[in-house]
Amino acid sequence: MTFRKKAVKPDTFLRSHAESIINDARNELKNPARRLLGKRILTLGGIAMLSGCDLSNDKSVNTMLRRISFFNDDVQALLFNPNEMAPTYPESMITRPFPFNAFYDIDDVPEVDAATYRLQVGGLATGKRVWTLDELRALPQESQITRHICIEGWSAIGRWGGVRFSDFLKRAGADITAKYVSLHCADNYWTSIDMPTALHAQTLLALTYDGQVLPPKYGFPMKLRMPTKLGYKNPKHIVAISVTNEYPGGYWENQGYNWFGGS
Ligand SMILES: Nc1nc2c(c(=O)[nH]1)N[C@H]1C(S)=C(S)[C@@H](COP(=O)(O)O)O[C@H]1N2
Ligand SMILES: [Mo]
């Protein structure tokens, strides 16, 4: 298996990842009334309760994180709680500048033309199949401040605004009993997600970053923002969405990254 960017050992990932999560946890655990919430914040999948870690110290958090990384996709899917929200943050905690990442350098970010851009909807959907940017902008918008966690060992908090993906899927007449939604990007990157995550209340077709039109480096004209999933599951520059029962894989997933990739 060949990685086009540096492959990071799970250990390295977990160590840096653990640090930010432990910080969140400490703040949450200070207030006993919020203990349960604190636990849920740490789970990245609600598995803390099942793994028997009390999450009161760094060691148990690390143990849990290690266990998460060995869970397979089916178990993760089974444990996914559609009603569990990823933590949100105050504006003061936004990471500035927000990091850029892709399988290429920043100079090679694709330029998508707003006027000719079309989002194609394919597969198991009976509604509108071609969307312009203006049509997407005309849908009800919401915004969220959440943490993006990259498997290469960094995390950052940002603010994204856009259309709730479940809302979009309903408008597109998607068959929400299908297993997968695949997402294809202008740079030929692609990924795919499970339907429960597609329908999660925090899954957003993001058109803005920090109140501005989504800049090219962060995925213009549109990315799928999922705070319940790791960075590589958050595709930028999406040009086509497909609803399907056939496993679509993904750019990094096909090179060994865990498919479920989240909580
Ligand atoms: N189209 C596309 N989307 C992508 C990627 C990519 O290379 N191409 N990289 C993924 C990875 S690994 C990360 S960490 C995030 C980085 O998003 P950011 O540049 O907004 O920080 O984008 C994800 N989505
Ligand atoms: Mo990433």
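Just so you know, these numbers come straight off a predicted model, no measurement behind them. (Residues numbered from 1 in each chain as written. Chains lettered and ligands numbered in written order. Predicted model: local features only at pLDDT ≥ 70, side-chain atom pairs only at ≥ 80, totals over all residues. Heavy atoms only, no water.)

1. Topic: the confidence of the model for the protein
Then, number 1: Here the protein shows a mean pLDDT of 83. Residues at 70 or above account for 72%.
Then, number 2: Below pLDDT 50 for its whole length, residues 1-15 participates in 26 contacts with residues either more than four positions away or in separate chains.
Then, number 3: Long-range and interchain partners of residues 28-45, a stretch whose pLDDT sits below 50, account for 29 contacts in this model, where long-range means more than four residues apart. (pLDDT = per-residue confidence, 0-100. Contact = heavy atoms within 4.5 Å.)

2. Section: the sheet that holds strand β10 (residues 238-244)
Then, number 1: Spatially, 5 strands are ordered β2-β1-β10-β5-β6 in an open sheet, and the strand pairing comes out mixed. The open sheet is flanked by β2 (130-131) and β6 (190-194), the only strands paired with a single partner.
Then, number 2: Of the pairings in the sheet, the one linking strand β1 (residues 119-123) to β10 comprises 4 bridges and is parallel in character. Considered in β10, the bridge of Val121 is made with Ile241. (Pairing = 2+ DSSP bridges. Helix = DSSP H or I, 4+ residues; strand = E, 2+ residues; numbered from the N terminus.)

3. Comments concerning the site of ligand 1
Then, number 1: Taken together, the neighbourhood of ligand 1 is formed by 22 residues, with Pro99, Asn101, Asp187, Asn234 and Lys236 sitting nearest.
Then, number 2: Contacts to ligand 1 include Asn101, whose backbone N or O atom sits 2.9 Å from an oxygen atom.
Then, number 3: At 2.8 Å, a backbone N or O of Asn234 approaches a nitrogen atom of ligand 1.
Then, number 4: Relative to its unbound accessible area of 540 Å², ligand 1 is 100% covered by the protein chains.
Then, number 5: Considering only residue class, the shell around ligand 1 consists of 12 nonpolar, 5 polar and 5 charged. (Near = heavy atom within 4 Å. Polar contact = N/O pair within 3.5 Å; in protein donor to acceptor, adjacent residues only side chain to side chain. Areas by Shrake-Rupley, 256 points an atom, 1.4 Å probe, with all protein chains shown as cover. Nonpolar A, V, L, I, M, F, W, Y, C, P; charged D, E, K, R; others polar.)

4. Some thoughts on the environment of Asp187
Then, number 1: Within the secondary structure, Asp187 is located in the loop between β5 (180-185) and β6.
Then, number 2: Along the sequence, Asp187 and Val112 sit 75 residues apart, while their C-alpha atoms lie 9.8 Å from each other.
Then, number 3: Leave out the neighbours within four places in its chain, and Asp187 touches Phe103, Tyr104, Pro110 and His237.
Then, number 4: A polar side-chain atom of Asp187 sits 3.0 Å from the main-chain amide nitrogen of Tyr189.

5. A few points about the environment of Ile94
Then, number 1: Relative to the assigned elements, Ile94 resides in the loop between α5 (73-79) and β1.
Then, number 2: Taking relative accessible area as the criterion, Ile94 reaches 7% and is therefore assigned buried.
Then, number 3: Note: C-alpha distance between Ile94 and Asp210 (116 residues apart in sequence) is 9.0 Å.
Then, number 4: Apart from the residues within four sequence positions on either side, Ile94 is in contact with Ile145, Ile157, Gly158, Arg159, Tyr209 and Asp210. (Buried < 20%, exposed > 50% of the residue type's maximum accessible area, 1.4 Å probe, protein only.)

6. Section: the packing of aromatic side chains
The relative placement of two aromatic rings is captured by the distance of their centres and the angle of their planes.
Then, number 1: All told, the structure shown has 20 aromatic pairs when counted by the stated rule.
Then, number 2: When the ring of Phe98 is compared with that of Tyr209, the centres are 5.5 Å apart and the planes differ by 50 degrees; the resulting orientation is tilted. Here Tyr209 lies in strand β7 (residues 204-209) and Phe98 lies in the loop between α5 and β1, a separation of 111 residues in the sequence. The same class applies to Phe98 and to Tyr209, which are both buried.
Then, number 3: Feature note: the residues Phe103, Tyr104, Tyr189, Tyr232, Tyr251, Trp252 and Tyr257 constitute an aromatic cluster, connected by ring pairs.
Then, number 4: Here the guanidinium or amino end of Lys128 rests over the ring plane of Trp131, the centre of that ring lying 5.2 Å away.
Then, number 5: In this arrangement the basic side chain of Arg225 is found over the ring face of Trp160, its NZ or CZ atom lying 4.3 Å from the centre. (Phe/Tyr/Trp six-rings, centres within 6.5 Å; stacked < 30°, edge-to-face > 60°. Lys NZ or Arg CZ within 6 Å of the ring centre and 35° of its normal.)

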